[in-house]
Amino acid sequence: MRRYAPAALAAALLGQRARRRWLHLIVGGALFMPFWMVGTLVMGPLLDEGGMFSGGLGVQFGAYAVGLPLVAVAALFPLARPMAVAAARALCGVPAERLADGPARGRAAKARTSGWFVLHLGAGALVSGATLALPPFAVSVTALPFSPALRASELGRFWGLDRPWWDWAALPAGLLMLVALAAVAAATGTLLARSAPRLLGPSPADRLAAAERRAAEAESRNRLARELHDSVGHALSAVTLQAGAARRVLDAGAGADLEFVREALTAIEETTRRTVGELDGVLGLLRRGDEVEEGVGPGLDSLAALVRGAGPKVALTVSGDLSAVPETLSREAYRIVQEGLTNAARHAGGEPVTVRVEARTEAWEITVENPLSARPPVARPHGGHGLRGIGERARLLGGTAEAGPAAGVWRLAVRIPR
């Protein structure tokens, strides 16, 4: 439906956005009051025109001029920009992403914040003063043709009612005053809204700090994802393999190897118990909103239990002195072996798996090998996170990771320099 010009004008002057911006200006005027009072204490004695509320226009505008520099100085306090940004987001309708968060840092950001406060409080004081004074005056002017008392008053003499037709001109004049006030308030509010991103927007330092914060949050989420994938994914794979092997043995009937079934069930129990503890730790961090701390979780001293839970066809070889391995490296190496076993279970299909952890003079090396099965690996539509996680862990420690099939063998090789 076509909107007529009067309707569009009314929406612009009296719409919700215009009312909020008008309120924002009134808030600025209220914040300017302490500075204006200080200005009247300075200008009153200088102009010798009475006290705070009895002085003339010279005192009032002189106090206004004195208050503006004080506003600029007060805007240098750290709380100034967060307060201004919160008010601009709530009342000016400025998108949140276009305004900065936190106190102003740097000379340029502080100068822009001072400029915003001078503009907001200065314009707000003028609009607030007009909002308080003009509506009663406009209503009185509008009522002049209908009130003999008003026509006989000082207002009537000021309006000049000696011409009969002129008294009826007071009616549209009063209404135009109200419309003009709304138009000025709307225009000033629009000016503030358009100036807010330039004066309260993020500086290069703010953008850099935000980028670093987002990078830290992304790294924390990625680390949590790796922890959940490696611990829970490995446990599910190991439990699936052990349960499947036990079922096949039991299907053999009377000649079933009950000792093998007992070992498989024990491995399932140990794996699930260990994984529940790891999962509780990671979920606790998620509930508290903390980052995953380096060095938290099992290390190389838990490799034997990890391999035992992976099944009887997994052989572990450890060479060199691992007692001097740093805690962070020990934890990451455990996760790398854990994910390597998970991938081996997917590619080996029950074939023997060899795990070697070697502490050499120049580097620590981790190798996981298994023959490729004739049966194709289980397809996973959203797979690939495990090997990517191994690569991320290796790069964080300054090392390299390579994985892939070669000559009928799937091989994962991780090298971390000392």
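**Points about the overall build of the protein chain**
Part 1 of the reasoning: Check the secondary structure of the protein chain and you find 14 helices and 5 strands.
Part 2 of the reasoning: Considering only intrachain contacts with a sequence separation of at least 6, the fraction spanning at least 24 residues in the protein chain is 71%.

**Digging into the pairing of strand β5 (residues 409-417)**
Part 1 of the reasoning: As judged from the 9 bridges shared by strand β3 (residues 363-371) and β5, these two strands associate in the antiparallel manner. Counted as the bridge partner of I366 is V414 from β5.
Part 2 of the reasoning: Bridge count between strand β4 (residues 400-406) and β5: 7 bridges; the pairing is antiparallel. Looking at β5, one finds that E402 is bridged to A413.
Part 3 of the reasoning: Counting the residues in the hairpin turn of β4 and β5 gives 2 residues, including A407, whose phi is positive at 55 degrees.

**Regarding the nonpolar core**
Part 1 of the reasoning: Ranked by internal contacts, the top residues of the largest apolar core, which has 30 residues, are F32, L99, W116, F117 and L200.
Part 2 of the reasoning: The set of elements that each furnish at least two residues to this core consists of α2 (16-47), α3 (57-74), α4 (80-92), α5 (107-142) and α9 (170-200).
Part 3 of the reasoning: Per-element accounting of this core gives the leading share, 7 residues, to α9.
Part 4 of the reasoning: If near-sequence neighbours (up to four positions away) are discounted, L200 is found in contact with R81, A84, V85, A88, L99, A100 and W116.
Part 5 of the reasoning: L306, V325, I336 and V355 belong to the second-largest nonpolar core, a separate cluster that totals 25 residues.

**Remarks on α3**
Part 1 of the reasoning: Taking 1.5 Å per residue, 18 residues should reach 26 Å; α3 reaches 25 Å between its end C-alpha atoms and fits that length.
Part 2 of the reasoning: Regarding α3, the residues found buried are V59, G62, A63, Y64, G67, L68 and V71.

**Here's the deal with the environment of I26**
Part 1 of the reasoning: Residue position: I26 is located in helix α2.
Part 2 of the reasoning: I26 gets classed as partly exposed once you look at its relative accessible area, which sits at 34%.
Part 3 of the reasoning: Spatially, the C-alpha atom of I26 lies 9.2 Å from that of L126, the residues being 100 residues apart in sequence.

**Comments concerning the pattern of salt bridges**
Part 1 of the reasoning: The full count for this structure, using the stated rule, is 4 salt bridges.
Part 2 of the reasoning: For the salt bridge of E369 with R356, the shortest nitrogen-to-oxygen distance reads 3.7 Å. A residue pair is termed long-range when its members are at least 10 positions apart, and E369 in strand β3 and R356 in strand β2 (residues 353-359) qualify at 13 residues.
Part 3 of the reasoning: Assessed through its relative accessible area of 26%, R356 is described here as partly exposed.
Part 4 of the reasoning: We note a salt bridge from R415 to E365, for which the minimum N-O separation is 3.7 Å. Here E365 lies in strand β3 and R415 lies in strand β5, a separation of 50 residues in the sequence.

**Here's the deal with the environment of R98**
Part 1 of the reasoning: Checked against the element boundaries, R98 lands in the loop between α4 and α5.
Part 2 of the reasoning: By relative accessible area, R98 is classed as partly exposed at 46%.
Part 3 of the reasoning: For the pair R98 and L200, spaced 102 residues apart in sequence, the C-alpha separation works out to 8.3 Å.
Part 4 of the reasoning: Look past the residues within four positions of R98 in its chain and what remains in contact with it is P197, G201 and P202.

**Regarding the packing of α5 against α9**
For any two helices packed against each other, one specifies the crossing angle of their axes together with the interaxial distance.
Part 1 of the reasoning: One can describe the packing of α5 onto α9 by two numbers: an axis separation of 10 Å at closest approach and a directional angle of 170 degrees. Considering their axes alone, α5 and α9 lie roughly antiparallel with respect to each other.
Part 2 of the reasoning: Class assignment for the residues of the contact of α5 with α9 results in 21 nonpolar, 8 polar and 2 charged.

**Focus on the sheet that holds strand β1 (residues 314-319)**
Part 1 of the reasoning: Taken in spatial order, the 5 strands line up as β1-β2-β3-β5-β4 in an open sheet, and their pairing is mixed. Looking along the sheet, the strands with just one partner apiece sit at the ends: β1 and β4. Sheet twist, expressed as the mean angle between neighbouring strand axes with direction ignored, is 10 degrees.

**Quick look at α5**
Part 1 of the reasoning: The end-to-end C-alpha distance of α5, which contains 36 residues, comes to 51 Å, matching closely the 52 Å that a straight helix rising 1.5 Å per residue would cover.
Part 2 of the reasoning: At L134, α5 is deflected by roughly 30 degrees, the largest bend along its length, and proline P135 occurs up to four residues later in sequence.

**Some details on the environment of G28**
Part 1 of the reasoning: Positionally, G28 belongs in helix α2.
Part 2 of the reasoning: Taking the relative accessible area as the measure of exposure, G28 reaches 0% and is therefore buried.
Part 3 of the reasoning: For G28 and L119, which are 91 residues apart along the polypeptide, the C-alpha to C-alpha distance reads 9.2 Å.
Part 4 of the reasoning: When neighbours within four sequence positions are excluded, G28 is seen to be in contact with H120, L121 and G124.

**A closer look at the side chain of S195**
Part 1 of the reasoning: Looking at the secondary structure, you find S195 in helix α9.
Part 2 of the reasoning: We classify S195 as buried; its relative accessible area is 6%.
Part 3 of the reasoning: If we skip the residues at most four places from it in the chain, S195 touches W116 and L119.

**Some points on a nonpolar patch on the surface**
Part 1 of the reasoning: On the surface, L23, I26, V27, L31, L79 and M83 cluster together into a nonpolar patch covering about 500 Å² of accessible area.
Part 2 of the reasoning: Tallying contributions element by element places α2 first for the nonpolar patch, with 4 residues.
Part 3 of the reasoning: Looking at where V27 falls in the secondary structure, it is placed in helix α2.
Part 4 of the reasoning: Since its relative accessible area comes to 32%, V27 is described here as partly exposed.

Rules used throughout
Residues numbered from 1 in each chain as written. Predicted model: local features only at pLDDT ≥ 70, side-chain atom pairs only at ≥ 80, totals over all residues. Heavy atoms only, no water. Helix = DSSP H or I, 4+ residues; strand = E, 2+ residues; numbered from the N terminus. Contact = heavy atoms within 4.5 Å. Pairing = 2+ DSSP bridges. Core = buried A, V, L, I, M, F, W, Y, C linked by side-chain atoms within 4.5 Å. Buried < 20%, exposed > 50% of the residue type's maximum accessible area, 1.4 Å probe, protein only. Expected span 1.5 Å × (residues − 1). Salt bridge = Lys/Arg side-chain N within 4 Å of Asp/Glu carboxyl O. Axes fitted to C-alpha atoms, helices over the stretch in contact; angles between N-to-C directions. Parallel < 35°, antiparallel > 145°, perpendicular 65-115°, else oblique. Nonpolar A, V, L, I, M, F, W, Y, C, P; charged D, E, K, R; others polar. Bend = angle between axes of the 7 residues up to and from the residue. Patch = residues over 30% accessible without salt bridge, like charges linked within 9 Å, V, L, I, M, F, W, Y side chains within 5 Å. Areas by Shrake-Rupley, 256 points an atom, 1.4 Å probe, with all protein chains shown as cover.

Remember that the coordinates give geometry; whether it matters functionally is a separate question.
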